[in-house]
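Working through the structure, step by step
As a plain string of letters, each chain reads:
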Amino acid sequence: MPAPIHPFKIPQSVLVVIHTPALEVLLIRRADADEFWQSVTGSKDSLDESFEQTAWREVMEETGIDCAPGSALAGQLHDWQLENVYEIYPRWLHRYAPGVMHNTEHLFGLQVPTGTPVRLSPQEHTAYQWLPYPLAAEACFSPSNAEACLLLPRFFQRQNQP
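To keep things clear, this report deals only with the structure shown in the data block.

Rules and cut-offs
Residues numbered from 1 in each chain as written. Predicted model: local features only at pLDDT ≥ 70, side-chain atom pairs only at ≥ 80, totals over all residues. Heavy atoms only, no water. Helix = DSSP H or I, 4+ residues; strand = E, 2+ residues; numbered from the N terminus. Phe/Tyr/Trp six-rings, centres within 6.5 Å; stacked < 30°, edge-to-face > 60°. Buried < 20%, exposed > 50% of the residue type's maximum accessible area, 1.4 Å probe, protein only. Lys NZ or Arg CZ within 6 Å of the ring centre and 35° of its normal.

Comments concerning unusual backbone geometry
Although it is not a glycine, Leu 23 sits at a positive phi angle of roughly 65 degrees. With respect to the helices, strands and loops of the structure, Leu 23 is situated in the loop between β1 (12-19) and β2 (24-30).

What to know about the packing of aromatic side chains
Here the structure, examined in full by the defined rule, presents six aromatic pairs. Look at Phe 36 and Trp 92: their rings are 5.9 Å apart centre to centre, the planes differ by 65 degrees, and that puts the pair in the edge-to-face class. Of this pair, Phe 36 sits in the loop between β2 and β3 (37-38) while Trp 92 sits in the loop between β5 (77-87) and β6 (102-111), and the two are 56 residues apart along the sequence. Both residues of the pair, Phe 36 and Trp 92, belong to the buried class. Relative to Phe 141, the ring of Tyr 89 lies with its centre 5.7 Å away and its plane at 50 degrees, an arrangement referred to as tilted. In this pair, Tyr 89 is assigned in the loop between β5 and β6 and Phe 141 in the loop between α2 (133-139) and α3 (143-159), connecting sequence segments 52 residues apart. By relative accessible area, which is 30% here, Tyr 89 ends up partly exposed. Aromatic rings pair up to connect Phe 36, Tyr 89, Trp 92 and Phe 141 into one cluster. Across from the ring centre of Phe 51, 4.4 Å away, lies the NZ or CZ of Lys 44, which sits over that ring. A cation sits over an aromatic face here: Arg 91 above Trp 92, 5.1 Å from the ring centre.

As structure tokens, then:
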């Protein structure tokens, strides 16, 4: 018997800052809001899906980049051990159960080689760009995404310490 399908989004999501060793950040433009640039984001598919599993799945779905266990980039996904709780934008409240007003977002970084190919899901995103992290922060529509871009050098340094 298949697992029940949730009619509403689960208010637990990931934000994955995909970046190169030179700290250029991948931003993708939303198909449903042309002026909104962002990192990879997405909600859990089920309550028992881990944040790490959600990150692997969303990165693959939205960019075509494979960072799941066994992939060439498996060791490059880093859990930043940070969470943001924010008020869901009114334009997207209908996707959540009645009364749900806040989402918990878990942060990750994913280092990829310069020139990594990106394959967008056209239903979700219409364009992508690589920007130096300060410019990426300026381009992000979401304050929590902008803040994550600005935190990148700190986490990059931690993960690359001997």
